[in-house]
Every structure is written in C-alpha cells, then in structure tokens.
Amino acid sequence: MARYLVIVESPAKVKTIKKFLGSNYVVTASNGHVRDLPKSQLGVDVEHDYEPKYITIRGKGEILANLRKEVKKADKVYLATDPDREGEAISWHLSQALKLENKKTYRISFNEITKNAVKASLKNAREIDMDLVDAQQARRILDRIVGYKISPLLWAKVKRGLSAGRVQSVALRIIADREDEINAFIPEEYWTLDANLKVEGERKLLTAKFYGTDKKMTIHSQKELDAIIKDLEYADYSVADVKKGERTKKSPVPFTTSTLQQEASKALNFATAKTMRIAQQLYEGIDIKGNGTVGLITYLRTDSTRVSEEADSNVREYIASSYGQDYVAVNEAKSGDGHKIIQDAHEAIRPTDVTRTPAAMKDSLTRDQFRLYQLIWKRFVASRMQPARYETTSVKIAAGKYYFTVAASKIAFEGFRTVYTEAGEEKEENNVLLKGLDKDSVLSKESFETKQHFTQPPAHYTEATLVKTLEELGIGRPSTYAPTISTIIARRYVAKENKNLYLTELGEVVNNIMKQSFPSIVDVNFTANMESLLDGVAEGKVNWKTIIENFYPDLEAAVEIAEKEQEQVKIEDEVTDVICDQCGRNMVIKYGPHGRFLACPGFPECRNTKPYLEKIGVPCPVCGKDVVIRKTKKGRKYYGCENNPECEFMSWQKPSTKKCPRCGKYMVEKGNKLLCGDEQCGYVENKENNKNN
C-alpha cells in the first residue's frame, strides 16, 4: 500500500490533520524552522554574492533524523507548513535538509485546518514558490546584517549587550518621536457653555450647547466667557431650525492580523503577543467535546479581508435563519476593502464554521480562548450584516446674536450592531428630543453650565495604536508586529505602564545613536520602501540579492564612520564623588539593562552597587534639596526630590530654577518654552527669555 508523508510545522496540528486523512498518510511535525543562520557569525558570505550559510538549528538534529527515516519509507512527501512566506521558507529548508530533490515532493497549503481545506490542498498540490522563499531569505539576511553589524557598535558605545534591529529600531524611533511631541506640547485653555432651557408644556429641561454666531466659536478664556454671558443676559431663546435626517453606520470588515491585535488590545486588554499565541491555538486545533480536535479559525497571519465564497454564503444563511433576512447585507462584500492585498491566497481571520457559536464552544475553551474566539466570530458575522440606521435630529436655537445647538439620534434599525460593537465605541445616545419641539416652541433659560478645559497632548502609544501606525506607514508585516513590540519591551528600551508605552533612558540613548549614525535604518520612508521591495521579491518582480547588494555597502560605510567617531563619544566609566560604603573607593557610573547605576570600581572583589540619582542643578520647589532624575519600577523617567520619601515632589517634566512671574510657583520645560507647573495658571514664556536656565 502506498505511504504518504505529510510534514507540518507544529505538533499541535498533527492530531487535527491526521483524522482528516486515511491510514496510508503519516503526519509529523518539524517544530518550526530546522535550519537558520549560525549565531556565532554573520552567516552571510559578502565576498561571494551574499550567499547565506545555513546550519541545522541546535536541538533539531534528532527531529531531522526521524524525518529522514520517514522520508525513506514514503512514496510521496507533502510539505504542509504555514501558508505564508515564512512557511514557504520552512518547506524549502526541509526539502534541502532532507535532500528531497529525487523524491516525489509537493507543497500543499491551507488557510484553515478543516477536512475540506486539507483534502482540497492535496488535490491542488504544487511546487515550492521560490519567490516567496527568496522574500523570506532577503528579510532574514537584511535583519541579520543590521543586527550583527550595528549591535557590536552599540555594545562598544553604550556598554553591555545592547542590540539593534531593522524593524524594532524604527518602532523605537516612532515611540521616541511621539514622546518628544508630548514633552513639547503646551496646553491651551478653552471653555464650554451649556444652556439649560425650559420648554413650555414639558417637564424635562433641554440642554443646548453653545455654538457661536454664524460661525462656530471657541471660547478661549473666562474673560471671553463672561462677555458672552453678559450679552446673553436679556436674550430671548427661540427655535431657529429643526433638521431631521438619517445616518447609517457601515458594518465592519472581517479581521486582519493588525485589526485583530488592535481590537483584542482595546476590548480584551490582550498584549499583541498574547493575541497571536491564543489565535495560534484556535487555528491549530482545539479538542471539542464530541468532535475531537477542530481548527476553529482561519490562518492568523494575513492582511487580506477577502472571504471565500463558501464561507460568505454560509454566514449569510446563518444570519437569515438566526436574525431574519432583513439583517443580511445586500452587497456582495467579497473583499470589502480598498487595501493592496498581499499574498491574496489568504483570507481574513474568520471562524472555520460559523455555526460553531461562541456559546456552543464555551465549555471546550479556556476563558481567554473563548473571549478571542467570540470577538472573531462576532466581527465576521457582523461583516455580512446590514448597516445600522439612525434617525437624527439637530436643532438650532437662537439667543440674541448667538446660537446654541441640540443634537439627538435614535436607532431606527440595529443591523450589525445586534451582534457586534467595537470596543471604546460610545454607547449610542438615545436622548430622544422632546417630541413637540418645533419653531413655535416657547423657550426660557433656566441656568447656564460653564466648564474650563485644556487641550490635551497627543496620547502615548499603546500596543494597539503602535500596530495601527506601523501598518499605516507600511513598516513590518502581520507576522512581525507582535515580536517587534515584545523585543523593544524585553530589551527595556520601552516601558509598558497601564497599556501605555514610554521611552526609557536606555531607549533614548540607543535611539539617539541610531538617528545620529544610521539615519536611514530608523527612517520610516526607507523602511517602508524596503518592505515594498520585499513584496516585489514575493511577486517575482525583484531579485532578492539585488536588494542585499544595494543595502550592504552603504550600511558597512555607515558602520565604519560610526566606529571612527565612536572613539570620541565612547562612554567611559564616569567617576563620581559618591564613596563606596564597603571599601572607600569613589563609585563609577555604569550602564545596565535598566539604565545607569553606581558600581564600585573594585569589582569583582567589591560588588557594591547603588541607584544612580542624577542631579539636574535645580533645587526642589517643596523642600529646597536637589531635584534628581528618578525612574518608575518599569523604567519610565520622572523628576523627584533626592529627599524622597520624606519629600514627595515629582514632575514628569523637567523643573526650571525660574519661578512663575504670575503665581510664584515652579515652572517646567516644554520644548523651547517654559510654562507654569500649575495648569490652572497657564503662564507660558519662551525659554530664551530665561537667562539663568
């Protein structure tokens, strides 16, 4: 009897796939990559056409030996690794390592681990797509060159095992640039004015928002507000205009890797790496009571929103039977987006079988698996449902030369919102306007409500907003977002506190060196252009070695220049006046994974260390002792008193020696400005006016 060998990447898939195939199929796993570039050297022969030197990954020898035995016994070998460029490369490496050139070898791929998809893939077996393999090789070698050429330089310049990466260096730069924007932001004051109006014949008061004259006005100060209120003192209030209308809210498109990571972060508070880990489990197979192991979702690394015709018609049938025909979307939203679709053998992330509702699956899933599956299921069902429709009413109320407005909307048809609403979406107001409100309504003012506000700086990046930005800028690809973010957090270049990402002192040092010595590596446009070239390789339009040939000499030249300049800027151990309380030597400043610290120069005999508190030459506004740079537990920088915890002074912005001329409190530096530390005071001046600082 013929014997067929199917090699997959992950052992978790073996069980799921085995039950779909007959007894003459043997299914086994490679456990991911089996060959890679060596860790001990660059592994790229720059003298001979940039040929990579691949070796067997440590610990994979036994797996390969077992695979070779199975290959000998098999009549045909099917390489069934993941359906993306990484999976294609693993298949190619397997064919090389197992010497399959003389064996009947086929590449099969499927977007979902279901019986139909696996059987169909066997019928559509093909050769390995070398364009996809070359795109992966190019990416791997570019990343290796950047890492192995720049990291030793950072090591020499900043000390201790730092490293640079092609994509993470840009991600770090994006976070650093946002931090600069926030630090330079000057809040501006504005006021809101609401009028509570009595409508004759109605018990409930109507709240109207101040609009302005014929043009919308911003009230900048209490003085402006007082002048407007004075004008309104004897004004008559009347309905100038009532407009009724309808608006619709379009149903969402199904998830891609990026949108799933963003939504899981917002709705479930999952880190990007956690989202990918759980999605991988749902894709590879879950033991469902009574059904054995079942792949619940399609492949998780995709930037396509396309849905197969079969899945599309199934979900429409499901919606019609569960909610009614009125809820089924009319348009044939097969791809539903304007994106340039990469590797469009892919589909969006969706349930493999829409009739497996989250409720039916709940007992078979962990809490986190259930929550993620529910999110994917709801989003997919919603994507094939009718838009939500709202009846809107907007009322313009005249008061002297000014206008106030009232807006209300009520839902006329729930549409997709029956199933799904996005995280953070405000609950739709159902503040149905007073029914009888028209131009003849008699209005009288009961009271005003005023409130002072300040404009807010741009928000710190979160994992979700960073993924969105990386995608919009064309940096990285679905498979790289999660490891990129995990890497910069693990290296302590970035600290994550309450979802927000903050630059650490170490991140600041590394980013400044990268900007100074390797501006193109951290240039957003350069990196995005590199990504599109790599896509060109995958499409067979660009030769992968041409990219390396054009990139390597420029990088090498930049490294050489940086090495020469580096001698002038190399950070030596700075000797301080702090005496080691164990051996009496003057302690020195060292760099560690958390930033700077004080260490005894007598190491290893004396291993004494202390936190390094850098004074900024400004007395504490509370107690007069020195202000020092401190760090939160996660590594975010702030300014505090050296006499902490006795003195609790702290500021995220650097305090100045100058006092506020308006209120006498301390001032802080914001970009090229100085502003009062008391937001209510709001005094601002240019830094150059402050000669002492």
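*Asks:* Explanation requested: the overall build of the protein chain in the structure shown.
*Replies:* When helices and strands are counted, the protein chain shows 17 helices and 30 strands. Seen through its C-alpha atoms, the protein chain measures out along the principal axes to roughly 100 × 80 × 45 Å. Here the protein chain holds 693 residues, and the buried ones make up 48% of them. Across the protein chain, the fraction of contacts at a sequence separation of at least 24, relative to all contacts at a separation of at least 6, is 65%. A total accessible area of about 34200 Å² is found for the protein chain, and carbon and sulfur atoms account for 47% of it.

*Asks:* Explain the pattern of salt bridges here, please?
*Replies:* Charged atoms that come close allow side chains of opposite charge to pair. Per the counting criterion, the structure on display carries 37 salt bridges. The salt bridge partner of glutamate 531 is arginine 166, with a shortest N-O separation of 3.9 Å. Of the two residues, glutamate 531 sits in helix α16 (residues 524–538) while arginine 166 sits in helix α6 (residues 166–184), which places them 365 residues apart along the sequence. The same class applies to glutamate 531 as to arginine 166, namely buried. For arginine 316, the salt bridge goes to aspartate 312, with nearest N and O atoms at 2.8 Å. Residue arginine 316 and its partner aspartate 312 are located together in helix α10 (residues 309–323), separated by 4 residues, close to a single helical turn. Of the two residues, arginine 316 and aspartate 312, both sit in the buried class.

*Asks:* I tried to follow the sheet that holds strand β2 (residues 25–29) on my own but got confused; where do I start?
*Replies:* To summarise the sheet geometry, strands pair through backbone hydrogen bonds and adopt either a parallel or an antiparallel arrangement. Pairing in this open sheet of 4 strands is parallel, and the strands run β2-β1-β7-β8 from one edge to the other. Of all the strands in the sheet, just β2 and β8 (104–107) have a single pairing partner and so form its edges. Shown here is a sheet whose adjacent strand axes are inclined to one another by a mean of 20 degrees, direction ignored. Taken together, the 4 bridges between strand β1 (residues 4–8) and strand β7 (residues 76–79) define a ladder with parallel strand orientation. Along β7, the bridge assignment pairs valine 6 with tyrosine 78.

*Asks:* Whenever I open this one, the sheet that holds strand β9 (residues 189–199) confuses me. Can you help?
*Replies:* Taken in spatial order, the 6 strands line up as β9-β10-β15-β14-β11-β16 and close into a barrel, and their pairing is antiparallel. Across the sheet, the axes of successive neighbouring strands diverge by a mean angle of 35 degrees, strand direction being ignored. Here strand β14 (residues 388–399) pairs with strand β15 (residues 402–413) via 11 bridges, running antiparallel. Bridge pairing links isoleucine 397 to phenylalanine 404 in β15.

*Asks:* Sorry if this is basic, but what is going on with the nonpolar core here?
*Replies:* Where a protein is soluble and globular, its nonpolar side chains tend to be buried together. The biggest cluster of nonpolar side chains holds 63 residues, and the ones touching the most others in it are Phe110, Leu282, Leu296 and Leu372. At 9 residues, helix α12 (residues 367–383) tops the list of elements feeding residues into this core. For leucine 282, the residues in contact, after removing those within four places along its chain, are Val294, Gly295, Leu296, Ile297, Leu365, Gln369, Leu372 and Tyr373. By size, the runner-up hydrophobic cluster in this structure holds 59 residues, among which are Ile145, Leu506, Val510 and Ala558.

*Asks:* What am I meant to see in helix α13 (residues 463–473) here?
*Replies:* Note that an α-helix has 3.6 residues per turn; residues three or four places apart therefore point the same way. Burial in α13 covers these residues: Glu463, Ala464, Leu466, Val467, Thr469 and Leu470. Of the surrounding secondary structure, the elements contacted by the buried residues of α13 are α6, α8 (257–268), α9 (272–284), α14 (481–490), β17 (494–497) and β18 (500–503). Glycine 474 sits one or two residues past α13 and shows a positive phi near 75 degrees.

*Asks:* What's the story with the packing of α8 against α9 in this structure? I'm lost.
*Replies:* Pairs of packed helices are described in terms of their axes, by the angle between the two and the distance that separates them. Taken N-terminus to C-terminus, the directions of α8 and α9 make an angle of 115 degrees; their axes are 9 Å apart at the nearest point. Considering only the axes of α8 and α9, their crossing is right-handed. Contacts between α8 and α9 involve Thr257, Leu260, Gln261 and Ala264 on the former and, on the latter, Thr272, Thr275 and Met276. Class assignment for the residues of the contact of α8 with α9 results in 3 nonpolar, 4 polar and no charged.

*Asks:* I tried to follow the side chain of arginine 379 on my own but got confused; where do I start?
*Replies:* Inspection of the secondary structure assignment puts arginine 379 in helix α12. On the basis of relative accessibility, which here comes to 6%, the residue arginine 379 falls in the buried class. Apart from the residues lying within four places of it in its own chain, the contact partners of arginine 379 are Pro252, Val253, Pro254, Phe255, Thr259, Tyr420 and Glu422.

*Asks:* Explain α12 here, please?
*Replies:* Taking 1.5 Å of rise per residue, the 17 residues of α12 would be expected to cover 24 Å, and the 24 Å separating its terminal C-alpha atoms lies within 8% of that figure. By the burial criterion, the buried members of α12 are Gln369, Phe370, Leu372, Tyr373, Leu375, Ile376, Trp377, Arg379, Phe380, Val381, Ala382 and Ser383. Buried residues belonging to α12 abut α8, α9, β12 (286–288), α10 and α11 (358–361).

Cut-offs applied
- Residues numbered from 1 in each chain as written.
- Predicted model: local features only at pLDDT ≥ 70, side-chain atom pairs only at ≥ 80, totals over all residues.
- Heavy atoms only, no water.
- Helix = DSSP H or I, 4+ residues; strand = E, 2+ residues; numbered from the N terminus.
- Buried < 20%, exposed > 50% of the residue type's maximum accessible area, 1.4 Å probe, protein only.
- Contact = heavy atoms within 4.5 Å.
- Areas by Shrake-Rupley, 256 points an atom, 1.4 Å probe, with all protein chains shown as cover.
- Salt bridge = Lys/Arg side-chain N within 4 Å of Asp/Glu carboxyl O.
- Pairing = 2+ DSSP bridges.
- Axes fitted to C-alpha atoms, helices over the stretch in contact; angles between N-to-C directions.
- Core = buried A, V, L, I, M, F, W, Y, C linked by side-chain atoms within 4.5 Å.
- Left-handed = near helix turned anticlockwise from the far one by under 90°.
- Nonpolar A, V, L, I, M, F, W, Y, C, P; charged D, E, K, R; others polar.
- Expected span 1.5 Å × (residues − 1).

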